[in-house]
Protein chains: 2
Amino acid sequence: MNSSRQRLVVIGGDAAGMSAASQARRLKDADKLEIIAFERGHFTSFSACGIPYWVGGQVEQRDALIARTPEEHRARGIDLRMRTEVTEIDVDRGRVRARGPVDGTEEWVPYDKLVIATGARPVRPALPGIDAAGVHGVQTLDDGQALLDTLQGTVGREAVVVGAGYIGVEMAEALLNRGYRVTVVNRGRQPMSTLDPDMGELVHRTLTGLGVRVANEATVTKILTTEDGRVRAVATDDAEYPADVVVLGIGVRPETGLAEAAGLPLGQHGGLCTDLAMRVRGHGDIWAGGDCVEVLDLVSGRERHIALGTHANKHGQIIGTNVGGGYATFPGVVGTAVSKVCDLEIARTGLRERDARAAGLRFRTVTVESTSRAGYYPGAAPMTVKMLAEERTGRLLGVQIVGREGAAKRVDVAAVALTAQMTVEQMTALDLGYAPPFSPVWDPILVAARRATRALTT
Amino acid sequence: MNSSRQRLVVIGGDAAGMSAASQARRLKDADKLEIIAFERGHFTSFSACGIPYWVGGQVEQRDALIARTPEEHRARGIDLRMRTEVTEIDVDRGRVRARGPVDGTEEWVPYDKLVIATGARPVRPALPGIDAAGVHGVQTLDDGQALLDTLQGTVGREAVVVGAGYIGVEMAEALLNRGYRVTVVNRGRQPMSTLDPDMGELVHRTLTGLGVRVANEATVTKILTTEDGRVRAVATDDAEYPADVVVLGIGVRPETGLAEAAGLPLGQHGGLCTDLAMRVRGHGDIWAGGDCVEVLDLVSGRERHIALGTHANKHGQIIGTNVGGGYATFPGVVGTAVSKVCDLEIARTGLRERDARAAGLRFRTVTVESTSRAGYYPGAAPMTVKMLAEERTGRLLGVQIVGREGAAKRVDVAAVALTAQMTVEQMTALDLGYAPPFSPVWDPILVAARRATRALTT
């Protein structure tokens, strides 16, 4: 062994961890850097975001969701240890304890550099019946397979989705596609609490129009089961919904038990705190990224926890670059998210009204109706754009879009404008692509920016 | 008449002129501002960009292309005089000479404020046979109707499109839709000279795949006619293409004869020169906008002439705001344009390689292949993204995209980034919307930005 050879240990074999490992390997050969990665599950580098479409049948094969297999990682010179769980991080001595898959024996593995990419775990409330057969999360490929097995074995056709965020509405669509009657039980006033309620109401209407029963402001109190331990209904404070299958889509929390036990700094959302280079604060040789960290919201100036594959991949890329001897930073996020339920597209970026208030901002909001293409062009689809702008400065604070084809990705324009701290008046002059098949002569984003500019001066 | 009442005269009743008139009227009542608008044609506020789709049959009714009729403008308090041509501007005495539709009598009409929105005229080379029956421009609704009449009366099925820019390829599609065999005669190395040739070649391949014959590097020398004066073929230096109908799509020039005769300042492309408030330079009470002006290219720092409805509408809005006593400016463009031919989407923004060289910039280019959605998601369509970045600063200089569904409007992200003068490295951190139906986990624009960042450091 080369005396100058260092060892990188990666905890977690999904997007952030394996991106970091791959990028570090790209920059440093194996004789300079040994890379050991531990993954406690059965898969590496898979698309959790794709699970609803696999369950719904648009994606036929589970393996289509796997971006890179363990073998592919190993072929690139990464010593990947599957089904091996890290049970302790010993920061003082620079080592992790790993429990192997066969007989559960543990060994201490020293590291020179450590990457923590332990991801997030789904919220699973401690309700009576929560562990009944037929109650499923959709976090891992194993979860997805278990849900598909349940669907195959189910005689009844009643499904209850708990939660009406991205995963909730996507799973509602998936279950509709599988021929289920779907009830969504939602704690909030409207579905998609990542939107303001007025925009969430548009999602509610679409869900209802698709035949989904949506119970808003409803909290699940217990899961009712049959004598043989299978789910039969979901109970809320004031109602009971029959259920042959239940999908939990309540959200996730950073998986930071290991980090916490090791005394690493956690933020108020329970995620690891890092510097701009994705180094764990106060620890020169430990990096963290993906769903287990908090990120800076560039609009509000606050830390947030956002579990999203695209951030995890960016983090991994940046960590790998830094570990590999390069230099890269992650400046933060503006909170962009897109989703769909059947042909309804849903997008947001920046702050909602409540976020802006919580951040101490004073603002105006406008909501406009426009279309995806020139009104006369076939397929022109309606969309609603809501825009928030700060009083006095006129700075863009956030955009929410609900509409049909062509609605969701328009939010990217606002995401870049937020990053560049543009005012809504500056946005009115943006040189966005115009041709009748692609946009009205005033793109919906421009229409909203004009209206917001006017609102600020009246 | 109120002694403080002023008169605004508008020359040209299309996008820029009527937007200016409407916005001025919104800000100032009729007792403060009289508005007289002259339009020499039969229509106001129509979408010239929509003509190819009307000719192609996707848009069935001509009137669908009319955003606002003369009657609608009049109902808003604009004294609109149709088929009335302004034949002279007398700047010294603040008046225009207008020739009425009925008997051609002319009258002088004084103005306090003047808006010049005379648009552009199509290039029509002085070739033998250019005025033959069956040779058509596609600039006005009358042009479109005349072309449709020709198509209806044509027995043969051979069409030649002269020019392979936006109008050329859109008209090629329209004529394919009408069942014609189409030949495109193109002076450049590849179609779409608004792209670099390597990207234009992708358009060439698609056109050829659709059965369009594309003659590149070919200059039309004459139009051959039958004995009764109808077109029968188009001749180039070295070939002859049979033609039952010919469509000219060679481009347009600013229509600034009136302005030139009045001694107003023209730029090197023949367009009017304005200040940031769209005032004609050196003239406090004369504004100009739309296809008859030159605009500042924010990336190269040079003036350009770009005939595009979306700019014309913005100019009109800004002029109307200033004329109406408000304040607004047009900072310039970054050169965004989108188009399609059948299901191929084509987009560009910023500088091509030749533009960057002409502007004295040193740069790197990268070209990446990606997809519109996650690779495993149904309908994921390939796209090619080319990106130019400045050496040393790393500043984004331009993006070109050719692909299928979801390709064209992605250019908007680059348009905003150009406006904000972002570096390609800054772009790698952009928080763009990600979900499998809408994007791979790395959006194609991010993939290109990463590659460009790497190219700049190696």
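Residues numbered from 1 in each chain as written. Chains lettered and ligands numbered in written order. Predicted model: local features only at pLDDT ≥ 70, side-chain atom pairs only at ≥ 80, totals over all residues.

J.: Honestly, the interface of chain B and chain A in this entry has me stumped. Any pointers?
T.: Accessible area lost when the parts come together is the quantity often used to give the size of an interface. Across the boundary between the two partners, chain B contributes 50 residues, which contact 50 residues of chain A. For the side of chain B that touches chain A, the element with the most residues is helix α10 (residues 411-419) of chain B, which contributes 7 residues. For the side of chain B that touches chain A, the residue count by class is 35 nonpolar, 10 polar and 5 charged. (Contact = placed C-beta atoms within 7 Å. Helix = DSSP H or I, 4+ residues; strand = E, 2+ residues; numbered from the N terminus. Nonpolar A, V, L, I, M, F, W, Y, C, P; charged D, E, K, R; others polar.)

J.: So what exactly am I meant to see when it comes to the sheet that holds strand β2 (residues 33-39) of chain A here?
T.: Strands pair in a sheet through their backbones, by hydrogen bonds, and they do so in one of two ways: parallel or antiparallel. Residues and elements named next belong to chain A. With parallel pairing, the 5 strands of this open sheet are ordered in space as β3-β2-β1-β7-β18. This sheet does not close on itself; its edge strands, each paired only once, are β3 (79-82) and β18 (286-288). Strand-to-strand twist in this sheet, taken as the mean axis angle between neighbours without regard to direction, amounts to 15°. With respect to the sheet, helix α1 (residues 15-27) is in contact with β1 (6-11), β2 and β7 (113-116), its orientation differing from that of β2 by roughly 165°. (Pairing = 2+ DSSP bridges. Axes fitted to C-alpha atoms, helices over the stretch in contact; angles between N-to-C directions.)

J.: It is not clear to me how the domain arrangement of chain A should be interpreted in this structure. Could you clarify?
T.: All names here are of chain A. When the domains of chain A are assigned, the result is domain 1 (6-45 + 63-121 + 253-323), domain 2 (124-250) and domain 3 (337-450). Relative placement of domain 1 and domain 3: their C-alpha centres are 35 Å apart. Each residue belonging to the side of domain 1 that touches domain 3 can be placed in one class, and the counts come to 2 nonpolar, 2 polar and 1 charged. (Domains from an automatic or database assignment.)

J.: Looking at this structure, how should I read the environment of histidine 311 of chain B?
T.: Residues and elements named next belong to chain B. Structurally, histidine 311 is set in helix α8 (residues 309-323). Sequence separation between histidine 311 and valine 333 is 22 residues, and the spatial gap between their C-alpha atoms is 8.4 Å. Residues contacting histidine 311, with those up to four places away along its chain left out, are Val295, Ile306 and Val333.

J.: Sorry, what's going on with the sheet that holds strand β7 (residues 113-116) of chain B here?
T.: Residues and elements named next belong to chain B. Spatial strand order, β3-β2-β1-β7-β18: 5 strands in an open sheet with parallel pairing. One side of each edge strand has no neighbouring strand; the edge strands of this open sheet are β3 (79-82) and β18 (286-288). Between one strand and the next, the sheet's axes are offset by a mean angle of 15°, whatever the strand orientation. Bridging between strand β2 (residues 33-39) and β3 involves 4 bridges; their strand directions are parallel. If you follow isoleucine 36 over to β3, its bridge partner there is aspartate 79. Of the strands in this sheet, β1 (6-11), β2 and β7 touch helix α1 (residues 15-27), which is tilted by about 165° from β2.

J.: Any chance you could explain the pairing of strand β24 (residues 382-390) of chain B here in plain terms?
T.: Regular strands show a simple pattern: their side chains alternate between the two faces of the sheet. Residue and element names in this part refer to chain B. Here strand β23 (residues 363-371) runs beside β24; their pairing, made up of 9 bridges, is antiparallel. Bridge pairing links valine 366 to methionine 387 in β24. Linkage of β24 to strand β25 (residues 396-403), two consecutive antiparallel strands, is achieved through a turn of 5 residues, within which arginine 392 is found at a positive phi near 70°.

J.: Help me understand the confidence of the model for chain A in this model?
T.: A low pLDDT score tells you not to read the predicted coordinates there in detail. The predicted model of chain A has a mean per-residue pLDDT of 96, with 99% of residues at 70 or higher. Two numbers describe this predicted complex: its pTM, 0.96, and its ipTM, 0.96. (pLDDT = per-residue confidence, 0-100.)

J.: How do you make sense of unusual backbone geometry when you look at a structure like this?
T.: As a rule of thumb, non-glycine residues mostly have phi less than zero, and peptide bonds are mostly trans rather than cis. Notably, methionine 192 of chain A is not glycine yet its phi reads approximately 60°, a positive angle. Within the secondary structure, methionine 192 of chain A is located in the loop between β11 (181-185) and α6 (197-209). For arginine 392 of chain B, which is not glycine, the phi torsion reads 70° and is therefore positive. Tracing the sequence through the fold places arginine 392 of chain B in the loop between β24 and β25.

J.: Sorry if this is basic, but what is going on with α1 of chain A here?
T.: Residue and element names in this part refer to chain A. Helix length check: α1, at 13 residues, gives a terminal C-alpha distance of 18 Å against a target of 18 Å (1.5 Å per residue), a fit within 8%. In terms of burial, α1 is a largely internal element, 11 of the 13 residues being buried. Residues Ala15, Ala16, Gly17, Met18, Ser19, Ala20, Ala21, Ser22, Gln23, Ala24 and Arg25 constitute the buried set of α1. In the core, the buried residues of α1 are packed alongside β1, β2, α3 (70-75), β7 and α8 (309-323). (Expected span 1.5 Å × (residues − 1). Buried ≥ 20, exposed ≤ 12 C-beta atoms within 10 Å, placed from the backbone.)

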